[in-house]
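Secondary and tertiary structure notes
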Amino acid sequence: MDLFEYMREQQKETESPLASRLRPTTLDEVVGQQHIIGKDKLLYRAIKADKLSSIILYGPPGTGKTTLAKVIANTTSAEFLQINATSAGKKDMEEVITQAKNSRGMYGKKTILFIDEIHRFNKGQQDYLLPFVEDGTVILIGATTENPYFEVNGALLSRSIIFELRSLSKEDVKTLILRAVNNKEKGMGAYDAVIDGDALDFLADVSNGDARAALTAVELGILTTERSEDGKIHITLAVASECIQKRVVKYDKSGDNHYDTVSAFIKSMRGSDPDAAIYYLARMLYAGEDIKFISRRIMICAAEDVGNADPMALLVATSAAQAVERIGMPEAQIILAQAVAYVASAPKSNSAVTAISEAMEAVKHTMTAPVPVHLQDAHYKSSGKLGHGVGYLYAHDYPNHYVEQQYLPEGLTDKQFYRPSENGYEKQIQEYFHKIKGI
């Protein structure tokens, strides 16, 4: 490292955005993601032991994918190289591989290659990496906001472990905000700022698990707010709202909060009261609630509370969600009202909720139960010798396109997870089953 590079690194530490400066350097400083980096979890143990294999980190923006890669960089004895898929070309990749080969050949050191936004690589670029991942020239860490099963080469996926990062909880974001305000080394502690409780709650709520968005708002608030008479910088609710460019949602003067109104909105749709549901929709829109947030609530209600009693409800809700994003306000309120009226007026059933809940519980206790042999795939080479697929009855060869045979694994054959209700289209589903089964 020459003098100029050293100076650049020093400036980066003091002048880079707060979210970048506040990144943890050790696993114990990481907030959230305990489902993959808790002390008893595989990724934590692999990083601590410096025995990492190729991994793909998948999750929404601001959940810590790059942070985890930086922690690994600070923990490992291997060479750590980084490229961004949006700007890296073939020459960049060739240089990285050459450097990795030299490190391995001359010093016996492994190389960890972190590729941010790996889904941006085309098939040819991903194919180029494959042999070097396979022979251990590089240990790949890919980060992506897109589903890797659709966007990443299957061959690369098969050589990597996928870890899904979740949106940070409200409490996680609060922890990071307070760390940013009070930390004097990496954060804004030297500014002697304080954040009001309602501003803290608001930022943690509207950031929707995106730590970067919340920290950017905190930094902007501290840097642009005048000191009060007590000599401190106060981050109030008004300051927080302005800095994150989200309106404070106060639904009425009596102080009913955001969650009460959203709860009433959902319960009105579930309770088949379109008038009440549209009223609460209007209150949210009038207060400036995010239309994408509202449309997500409608989609969830359509699946959870209507289900197959009216399968069109989810289609209407999903179409409305797409339409409001394309059209925006004020016209989006008409689309949302249509979707709310439809979902609230539809016949109700939560049979799908019950079915998946009971099935998930059954899977938890019977994950190793073998698939019945006659249902197993008969297409791969050794399947014929093993008897896979033998005895399978093709439903379309039988009257009503139905034939009685075992589908569930042994020990679960008496289970019924999906029990259609008597409402709406589910009554027809019941009648259909009665007909084909001769009940």
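Parameters and conventions
- Residues numbered from 1 in each chain as written.
- Predicted model: local features only at pLDDT ≥ 70, side-chain atom pairs only at ≥ 80, totals over all residues.
- Heavy atoms only, no water.
- Helix = DSSP H or I, 4+ residues; strand = E, 2+ residues; numbered from the N terminus.
- Buried < 20%, exposed > 50% of the residue type's maximum accessible area, 1.4 Å probe, protein only.
- Pairing = 2+ DSSP bridges.
- Axes fitted to C-alpha atoms, helices over the stretch in contact; angles between N-to-C directions.
- Parallel < 35°, antiparallel > 145°, perpendicular 65-115°, else oblique.
- Left-handed = near helix turned anticlockwise from the far one by under 90°.
- Contact = heavy atoms within 4.5 Å.
- Nonpolar A, V, L, I, M, F, W, Y, C, P; charged D, E, K, R; others polar.
- Core = buried A, V, L, I, M, F, W, Y, C linked by side-chain atoms within 4.5 Å.
- Right-handed = clockwise from strand over helix to strand, strands pointing away.
- Expected span 1.5 Å × (residues − 1).
- pLDDT = per-residue confidence, 0-100.
- Phe/Tyr/Trp six-rings, centres within 6.5 Å; stacked < 30°, edge-to-face > 60°.
- Patch = residues over 30% accessible without salt bridge, like charges linked within 9 Å, V, L, I, M, F, W, Y side chains within 5 Å.
- Areas by Shrake-Rupley, 256 points an atom, 1.4 Å probe, with all protein chains shown as cover.
- Salt bridge = Lys/Arg side-chain N within 4 Å of Asp/Glu carboxyl O.

1. Considerations on unusual backbone geometry
- Here the residue pair M329 and P330 is connected by a cis peptide bond, since its omega of 10 degrees sits within 30 degrees of zero.
- One non-glycine residue with positive phi stands out, namely Q33, at about 60 degrees.
- Take Q33: it is sitting in the loop between helix 2 (18-21) and helix 3 (34-37).
- Residue Q33 is classed as buried on the basis of its relative accessible area of 7%.
- Phi is positive for H401, close to 55 degrees, though the residue is something other than glycine.

2. Quick word on the sheet that holds strand 1 (residues 55-58)
- Strand order in the open sheet formed by five strands is 2-3-4-1-5, with parallel pairing between adjacent strands. Whereas interior strands pair on both sides, the edge strands pair on one side only; in this sheet they are strand 2 (79-84) and strand 5 (161-164). In this sheet, neighbouring strand axes are inclined to one another by 15 degrees on average, regardless of whether the strands run parallel or antiparallel.

3. Quick look at the packing of helix 12 (residues 211-224) against helix 13 (residues 237-244)
- Close contact between helix 12 and helix 13 brings their axes to 9 Å; oriented N to C, the two are set at 120 degrees. The orientation of helix 12 relative to helix 13 falls into the category oblique. Here helix 12 and helix 13 pass one another in a crossing that is right-handed. Two secondary-structure elements touch here, helix 12 through A213, A217, L220 and G221 and helix 13 through V239, C243 and I244.
- For the contact of helix 12 with helix 13, the per-class residue count stands at six nonpolar, one polar and no charged.

4. Examining the nonpolar core
- Core analysis: the biggest nonpolar cluster contains 32 residues, and I177, I195, L203, V218 and I222 have the highest contact counts within it.
- Among the secondary structure elements, those contributing two or more residues to this core are helix 2, helix 10 (170-182), strand 6 (193-195), helix 11 (197-206), helix 12, strand 7 (233-235) and helix 13.
- Beyond its immediate chain neighbours, meaning those up to four positions away, V218 contacts L18, I177, A180, V181 and L203.

5. Focus on helix 13
- With respect to burial, helix 13 is a largely interior element, six of its eight residues being buried.
- Along helix 13, the residues classified as buried are L237, V239, A240, S241, C243 and I244.
- In the segment just after helix 13, Q245 is the residue with positive phi, at about 55 degrees.

6. Here we look at the pairing of strand 3 (residues 111-116)
- The buried count for strand 3 comes to six of six residues, which makes it a mostly enclosed element.
- Neither face of strand 3 is left uncovered, since the one carrying T111, L113 and I115 and the one carrying I112, F114 and D116 both have all their residues buried.
- One crossover worth recording links strand 2 to the parallel strand 3 by way of helix 6 (residues 90-107), and it is right-handed.
- In the sheet, strand 3 pairs with strand 4 (residues 139-144) via five bridges, with the strands oriented parallel. Counted as the bridge partner of I112 is I139 from strand 4.
- Where the polypeptide runs from strand 3 across helix 7 (residues 123-134) and back to strand 4, its parallel neighbour, the crossover connection is right-handed.

7. Considerations on helix 12
- The end-to-end C-alpha distance of helix 12 is 20 Å, a good match for the 20 Å that 14 residues give at a rise of 1.5 Å each.
- Taken together, the buried positions of helix 12 are occupied by A211, A214, L215, A217, V218, E219, G221 and I222.
- Contact partners of the buried residues in helix 12: helix 2, helix 10, strand 6, helix 11, strand 7 and helix 13.

8. Description of the packing of helix 6 against helix 7
- Viewed as axis vectors pointing N to C, helix 6 and helix 7 meet at an angle of 5 degrees, and their least axial separation amounts to 11 Å. Accordingly, the angle class assigned to the pair helix 6 and helix 7 is roughly parallel. Here M93, E94, I97 and K101 of helix 6 lie close against helix 7, whose contacting residues are Q125, Y128, L129 and F132.
- Of the residues in the contact of helix 6 with helix 7, the class split is five nonpolar, one polar and two charged.

9. Here's the deal with the confidence of the model for the protein chain
- Averaged over all residues, the pLDDT of the protein chain equals 86, while 91% of them reach at least 70.
- When the elements of the protein chain are averaged for pLDDT, helix 1 (residues 3-15) gives the smallest value, 50, and helix 18 (residues 332-345) the largest, 96.

10. Some words on the environment of M93
- Inspection of the secondary structure assignment puts M93 in helix 6.
- Relative accessible area serves as the criterion here: at 4%, M93 is assigned to the buried category.
- For the pair formed by M93 and I83, sequence separation is 10 residues and the distance between their alpha carbons is 8.3 Å.
- Once you skip the residues sitting within four places of it in the chain, M93 turns out to touch I83, F121, Q125, Y128 and L129.

11. A look at the packing of aromatic side chains
- Here the structure, examined in full by the defined rule, presents four aromatic pairs.
- Judged by centre distance (6.5 Å) and plane angle (25 degrees), the ring pair of F80 and F114 falls under stacked. With a gap of 34 residues between them, F80 in strand 2 and F114 in strand 3 connect regions that are remote in the sequence.
- Judged by its relative accessible area of 0%, F114 falls in the buried class.

12. Comments concerning a nonpolar patch on the surface
- A surface patch of nonpolar side chains, about 340 Å² in accessible area, is lined by Y392, Y394 and Y407.
- Residue classification places Y392 among the partly exposed residues on the basis of a relative accessible area of 40%.

13. A word on the pairing of strand 1
- Alternating positions in strand 1 separate into two faces, I55 and L57 on one and I56 and Y58 on the other, with burial throughout.
- In terms of strand pairing, strand 1 meets strand 5 through four bridges, oriented parallel. Considered in strand 5, the bridge of Y58 is made with E164.

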